[in-house]
Amino acid sequence: MSGLGPQRELEEAAALERRRRREQLRRGRIFNPRIRTIGIDKDALDAQVKEKKIQEAAEKAEHERFAHHMKKNDKLMCLLEERQKNEIKDINRALTEFHKNFQKPETRREFDLNDPQALKKDRPARVSDDDPRCTISGMQKFMGEDLNHDQRMKFQKEQIREWSLQQQKDLKNALADQKLADDLYDKFRIELDRKIMEEQRKEEESRRAVCTATKNFNKIQVAELDHKNELEKAQKIKDDMYEITCLLRGDFLSENPDQAIGPGGKRNVLVDRWKGMNQEQLMAIREFQKEQVLEKQRAREQERRRDAEWDRQRLQAARTQLLWERHQQRQDQVQRRDLDAVNAGLSQEQKAKNIYLKEEEYSNIPTEEFYAQFNTTTR
């Protein structure tokens with residue numbers, strides 16, 4: 001009970017200190033002209049909007065440049081694909097022409113087995129004795145009967161010569177076709193390179209034009225920004241002078257206590273304009289604090305008296321409890337002595353009874369056995 005008073009005083013002092021610290025922080029915020037701003041900073045918002053527009057314009061230019069590069073790359077890819085397709089077409093066309101001119105079905109060695117006109121072209125087994133189709137297995141001509149040897153050899157030589165000339169002619173034609181294809185490919189490649197150079201030249205001209213336009217635009221923007229900064233600076237100086245004049249002539253720096261009175265009278269105080277309490281208010285607060293101190297002293301005196309009464313009652317109860325315990329101990333000792341006396345009497349009676357019973361038992365036995373049992377008992 002006695003320990004609650006100082007603990008309550010410490011809590012009240014801590015609460016008062018916390019209120020005083022919050023009031024000091026609030027005063028620092030109110031009287032600090034750097035953070036005491038009324039309204040919205042329109043210049044900062046306009047600057048943010050302008051920066052956002054500049055950023056969007058830069059992103060748009062970057063996207064357009066990237067799209068231009070993509071279009072150029074797509075054109076190059078289309079030209080390369082077209083060139084590859086034309087090359088494949090030329091190769092397939094040349095291969096088809098070669099098959100058509102130099103690999104005809106009738107020039108094959110086994111064409112006579114697959115000739116669809118074989119039956120129409122077929123002739124009898126032997127037309128005459130000089131028939132060259134009469135082979136040995138046909139049993140139409142026999143060894144030693146080769147009468148057309150000279151003509152046959154001459155015909156074979158002439159045939160070989162014609163085949164050689166035809167092969168040379170085909171080789172010359174193939175070389176000429178290859179040269180023509182190479183010339184066409186070179187012309188196509190030169191034309192493609194010329195188109196690519198033209199595209200690059202146009203791109204460089206457009207890039208230079210964009211750079212020139214961007215440079216001129218930046219110059220105009222810089223000039224406008226300088227002019228705007230000068231106007232803003234002059235306006236800021238004018239506003240600062242006006243604000244300084246208003247502050248010097250206003251109630252804030254003059255610390256007029258009447259400015260804290262609200263529309264409801266003296267009881268309604270505007271906390272953001274409060275300049276402190278007057279002497280009457282301070283005296284009233286001091287009188288109230290004195291009354292609180294006296295009230296607290298009276299409460300402490302009452303608490304001390306209550307604690308003393310509680311201590312006296314606790315000591316009286318302890319003394320009563322001690323006297324009752326001593327009385328109880330004395331009664332327990334008396335009861336214990338009486339019980340010991342009763343137990344001793346009963347023990348003596350039990351011993352006398354046992355001796356009497358033994359004497360009766362010993363009187364009924366012979367003398368020698370009596371002495372033996374007597375000696376055993378006495379031992």
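Above this text sits the structure in question.
Anyway, here's the lowdown on the structure attached to this text. Bear in mind the structure is a predicted one, so any value in this text is a computation, not a measurement.

Topic: the overall build of the protein chain
Move 1: Helices and strands together make up the secondary structure of the protein chain, namely eight helices and two strands.
Move 2: Secondary structure of the protein chain in N-to-C order comes out as α-α-α-α-α-α-β-β-α-α.
Move 3: Counting over 379 residues, the protein chain shows a buried share of 4%.
Move 4: When contacts within the protein chain are restricted to residue pairs at least 6 apart in sequence, long-range pairs at least 24 apart make up 43% of them.
Move 5: Element-wise, carbon and sulfur atoms account for 56% of the exposed surface of the protein chain, whose accessible area totals about 34700 Å².

Comments concerning the pattern of salt bridges
Move 1: Applying the stated criterion across every chain, the model contains 23 salt bridges.
Move 2: A salt bridge links Lys296 to Glu12; the shortest N-O distance between them is 3.2 Å. With Lys296 in helix α7 (residues 279–362) and Glu12 in helix α1 (residues 4–30), this pair connects stretches of sequence that are 284 residues apart.
Move 3: What makes Lys296 partly exposed here is its relative accessible area of 33%.

Points about the environment of Arg194
Move 1: Summarising the element assignment, Arg194 is placed in helix α5 (residues 149–249).
Move 2: Given the relative accessible area of 47%, Arg194 is considered partly exposed.

Here we look at the packing of aromatic side chains
Move 1: All told, the structure shown has one aromatic pair when counted by the stated rule.
Move 2: Relative to Phe102, the ring of Phe98 has its centre 5.0 Å away and its plane inclined at 40°; by these criteria the two rings are tilted. Note that Phe98 and Phe102 are positioned in helix α2 (residues 42–102) at a spacing of four residues, about one turn of the helix.
Move 3: Residue Phe102 is classed as partly exposed on the basis of its relative accessible area of 28%.

Structural notes on α5
Residue pairs spaced three or four apart in an α-helix point in one direction, given the helix's 3.6 residues per turn.
Move 1: Here α5 is 101 residues long and its end C-alpha atoms lie 145 Å apart, about the 150 Å a rise of 1.5 Å per residue gives.
Move 2: Residues of α5 that are buried: Asp170, Leu192 and Glu203.

Looking at the side chain of Glu203
Move 1: Structurally, Glu203 is set in helix α5.
Move 2: Take Glu203: its relative accessible area is 6%, and that puts it in the buried class.
Move 3: Within the structure, the side chain of Glu203 is placed 3.3 Å from the side chain of Lys72, a separation counted as a polar contact.
Move 4: Glu203 has contacts with His68, His69 and Lys72, leaving out every residue within four places of it along the chain.

Rules and cut-offs
Residues numbered from 1 in each chain as written. Predicted model: local features only at pLDDT ≥ 70, side-chain atom pairs only at ≥ 80, totals over all residues. Heavy atoms only, no water. Helix = DSSP H or I, 4+ residues; strand = E, 2+ residues; numbered from the N terminus. Buried < 20%, exposed > 50% of the residue type's maximum accessible area, 1.4 Å probe, protein only. Contact = heavy atoms within 4.5 Å. Areas by Shrake-Rupley, 256 points an atom, 1.4 Å probe, with all protein chains shown as cover. Salt bridge = Lys/Arg side-chain N within 4 Å of Asp/Glu carboxyl O. Phe/Tyr/Trp six-rings, centres within 6.5 Å; stacked < 30°, edge-to-face > 60°. Expected span 1.5 Å × (residues − 1). Polar contact = N/O pair within 3.5 Å; in protein donor to acceptor, adjacent residues only side chain to side chain.

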